Structures are given as C-alpha cells and as structure tokens.
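Close look at the chain arrangement
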Amino acid sequence: MFDEMDEVAQDYDQRIREARESSGMSQEDLARKLNEKASLIRKLERGDTLPTDEIQKKLERELGISLSEGGSSEETEWSSGSSQGSYTLGDVVERKD
C-alpha cells in the first residue's frame with residue numbers, strides 16, 4: 001500500500017514560494033484562489049507545516065508544480081543473513097545519512 005505513495009519534497013516550501021512569486025501573486029492572492037487562509041500559505045512557505053493531500057493538489061494545480069518526490073520505484077528484496085530464516089532490524093532498515 002505504501003509503495004505507491006509519493007512523499008512531499010523536502011524543498012516544498014521553496015517550490016511553493018518560487019512558483020507563487022514567478023506568477024506574480026501575493027500570498028493573499030494565492031490563498032483567495034485556493035479558498036484557503038493566507039496564514040496557511042505563510043506557514044507552508046516557511047516550512048512550518050506540511051500540506052495535506054487536498055492542499056497539495058490545489059497548490060500543484062494552481063501553480064503548475066509538483067510537490068512530490070515520489071516513492072522508490074525499485075523493488076527491494078529482503079534476505080536475511082540468518083540461517084534460521086528470521087529477519088532482524090538490520091535486515092530491513094535503510095539508513096538515510
């Protein structure tokens with residue numbers, strides 16, 4: 001189920017701000033077009049809050065941008081080094097350094 005989900009991009013706040021500014025809209029203008037509060041737009045552009053799925057879709061449609069990074073498209077095969085056939089946490093965790 002979660003394999004098909006897209007993640008919100010880490011730089012979503014910059015993407016929103018740059019797209020809004022390049023289209024010549026103020027935060028209030030964008031909020032009006034989306035039928036949302038300007039305070040929400042400010043929080044999104046500061047990175048204080050993540051957009052809900054609904055808000056993300058509205059922003060992407062209005063600004064013509066993508067706020068998703070997308071899930072991993074490669075399938076990961078898990079193989080345990082254990083001869084007993086059980087997995088440990090080290091077998092399934094991928095570090096993000």
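In what follows, the accompanying structure is described.

Conventions we followed
Residues numbered from 1 in each chain as written. Predicted model: local features only at pLDDT ≥ 70, side-chain atom pairs only at ≥ 80, totals over all residues. Heavy atoms only, no water. Helix = DSSP H or I, 4+ residues; strand = E, 2+ residues; numbered from the N terminus. Polar contact = N/O pair within 3.5 Å; in protein donor to acceptor, adjacent residues only side chain to side chain. Contact = heavy atoms within 4.5 Å. Buried < 20%, exposed > 50% of the residue type's maximum accessible area, 1.4 Å probe, protein only. Arc of directions from axis to C-beta. Salt bridge = Lys/Arg side-chain N within 4 Å of Asp/Glu carboxyl O.

Quick word on the side chain of Glu45
Mapped onto the secondary structure, Glu45 falls in helix H3 (residues 38-46). At 2.8 Å, the side chain of Glu45 forms a polar contact with the side chain of Gln27. Not counting residues within four places of it along the chain, the set of residues in contact with Glu45 comprises Asp13, Ile16, Arg17, Arg20 and Gln27.

Some points on H3
An α-helix turns once every 3.6 residues. As a result, residues three or four positions apart point the same way. Those residues of H3 not exposed but buried are Ala38, Ile41, Leu44 and Glu45. The arc enclosing the buried residues of H3, seen along the axis, measures out at 120 degrees, which places them on a common side. Elements in contact with the buried residues of H3: helix H1 (12-22), helix H2 (27-34) and helix H4 (53-63). Following H3 by one or two positions, Gly47 has its phi on the positive side, about 80 degrees.

Digging into the pattern of salt bridges
Counted according to the given criterion, the structure contains nine salt bridges. Arg20 is the salt-bridge partner of Glu45, the closest N and O atoms lying 2.5 Å from each other. With Glu45 in helix H3 and Arg20 in helix H1, this residue pair connects regions lying 25 residues apart in the sequence. Both residues of the pair, Glu45 and Arg20, belong to the buried class. Here the residues in one salt-bridge network are Arg20, Glu21 and Glu45, joined through shared partners.

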